[in-house]
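Chains, contacts and geometry: an overview
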Amino acid sequence: MDAKSGLFYAFAAILLLAAFKVITARNPVHAALYLVLAFFQASALWILLKAEFLAITLVLVYVGAVMVLFLFVVMMLDINLDGVRKGFWKHFPIAAGVGTLIALEMAAVLMGGFRLSEQPKALAVAGQAAAQGAAQLSNTKELGKVLYSEYLLPLEIAAVILLVAIIAAIALTLRERKDSKYTNPADQIRVKPSERVRLVKMKPTFAAPEVPVAVAAAEEKKA
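Within each chain, residues carry numbers counting from 1 in the order of the written sequence. In keeping with the model being predicted, local features are shown solely for residues with a pLDDT of at least 70 and side-chain atom pairs are shown and tallied solely at 80 or more, while totals for entire chains, interfaces and linings include all residues. Each side-chain value is worked out from all heavy atoms of the structure, with water and hydrogens disregarded.

**Overview of the pattern of salt bridges**
- By definition, a salt bridge exists where a carboxyl oxygen of Asp or Glu is found within 4 Å of a side-chain nitrogen of Lys or Arg. Applying the stated criterion across every chain yields a total of one salt bridge.
- We note a salt bridge from Asp187 to Arg190, for which the minimum N-O separation is 2.9 Å. Taken as a pair, Asp187 and Arg190 lie in helix H9 (residues 185-190) at a separation of three residues, close to a single helical turn.
- Classification of residues uses two cut-offs on accessible area relative to the type maximum, computed with a 1.4 Å probe and protein chains only: under 20% is buried, over 50% is exposed, and between them is partly exposed. Residue Arg190 is classed as exposed on the basis of its relative accessible area of 58%. Helix and strand assignments come from DSSP, with helices taken as H or I runs of at least 4 residues and strands as E runs of at least 2, each series counted from the N terminus.

Here it is in structure tokens:
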């Protein structure tokens, strides 16, 4: 076993362990952190397959944006864990059956990739030559050419949809609700520096202690 195969098995084992901990962790924050670990291991596998663009996209988009957002939302919502766990064993047989079916389907698809020896040798040689030629190209450069030439219109449509979603999310967040403190951004912009801090003069809340008459007379005689 070479070093590349060893790294593949190591990353794959950590990925499976992290994915298992995502669905078995009792704390939602821990589950989100395990999912971040699973994404990192998946990106490492992409790098081993020489798909560096997909690897860095997985880290930047999912780990750097989506999972961080999920983590902050989970931490701020203060989820009631007892309510979430209710009905788990009731729906467990259905979930286990669906998971087993998906695993069998994925195994049936992946088993076709291990039958390389049954294919003609000429096809295998042609595939190796194509792989060697592709290794000299830059994945990021080729993806950029295709993305900004043939798929430019779908890319712009997706950008507009994301922009509309961002504006909608901001509008829903800033709307006035009974259970939240609403602040008008226009009033914040028009505020003056003198209105930010207000100085209030107050009288002292306690009086000076009275000196007894005998003590005062004694001090006068000494003087």
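**A look at the nonpolar core**
- Put simply, a nonpolar core is a bunch of buried Ala, Val, Leu, Ile, Met, Phe, Trp, Tyr and Cys residues held in one set by side-chain atoms that sit within 4.5 Å of each other. By size, the foremost hydrophobic cluster in this structure holds eight residues: Ala32, Val36, Phe39, Ala42, Leu58, Val63, Met67 and Leu71.
- The contact criterion used throughout is that any non-hydrogen atoms of two residues lie within 4.5 Å. When neighbours within four sequence positions are excluded, Val63 is seen to be in contact with Val36, Phe39, Phe40, Leu58 and Val68.

**Some words on unusual backbone geometry**
- In this model, Lys50 sits at a positive phi of 65°, which is unusual for a non-glycine residue.
- On the secondary structure map, Lys50 appears in the loop between helix H2 (28-48) and helix H3 (52-77).

**Comments concerning H2**
- In this model, H2 (21 residues) spans 31 Å end to end at C-alpha, consistent with the 30 Å of a helix rising 1.5 Å per residue.
- Every buried residue of H2 is listed here: Ala31, Ala32, Val36, Ala38, Phe39, Gln41, Ala42, Ser43, Ala44, Leu45 and Leu48.
- Definition of a polar contact: a pair of N or O atoms within 3.5 Å, with one able to donate and the other able to accept a hydrogen when the atoms are protein atoms, and with sequence-neighbouring residues admitted only if both atoms are side-chain atoms. You can read the cap of H2 off the contacts: a side-chain oxygen lies 3.1 Å from the backbone nitrogen of Val29, and it is on Asn27.
- Where H2 terminates, the next one or two residues include Lys50, which has phi positive at roughly 65°. Helix span, expected: 1.5 Å multiplied by one less than the number of residues in the helix.

**A word on the side chain of Ser43**
- With respect to the element layout, Ser43 can be found in helix H2.
- Discounting residues that sit within four places of it in the chain, Ser43 has contacts with Ala55, Leu58 and Val59.

**A look at the packing of helix H1 (residues 3-24) against H2**
- Interaxial distance between H1 and H2 falls to 8 Å at its minimum, and their mutual angle equals 155°. The angle between H1 and H2 falls in the class roughly antiparallel. Handedness of the crossing formed by H1 with H2: left-handed. Together, Lys4, Leu7, Phe8, Phe11, Ala12, Ile14, Leu15, Ala18, Lys21 and Val22 of H1 and Ala31, Tyr34, Leu35, Leu37, Ala38, Gln41, Ala42, Ala44, Leu45 and Leu48 of H2 make up the contact between the two elements. With axes taken as lines fitted to C-alpha atoms, and helix axes fitted only over the stretch in contact, angles between N-to-C directions fall between 0 and 180 degrees. Under this scheme an angle from 65 to 115 degrees is roughly perpendicular, one under 35 degrees roughly parallel, and one over 145 degrees roughly antiparallel; angles in between are oblique. Whether a crossing is left-handed or right-handed is set by the direction in which the near helix is turned from the far one by less than a right angle, anticlockwise for left-handed and clockwise for right-handed.

**Comments concerning the packing of aromatic side chains**
- Put simply, two rings from Phe, Tyr or Trp (the six-membered ring, in Trp's case) pair if the centres are within 6.5 Å, and we call them stacked under 30 degrees between planes, edge-to-face over 60, tilted for the rest. Summed over all chains, the structure comprises two aromatic pairs.
- An angle of 70° between the planes, with centres 5.6 Å apart, marks the rings of Phe8 and Tyr9 as edge-to-face.
- Between the aromatic rings of Phe39 and Tyr62, the centroid separation amounts to 5.4 Å while the plane-to-plane angle is 50°, which identifies the pairing as tilted. You can see Phe39 sitting in helix H2 and its partner Tyr62 sitting in helix H3, a full 23 residues away along the chain.
- Residue Tyr62 is classed as partly exposed on the basis of its relative accessible area, which comes to 41%.

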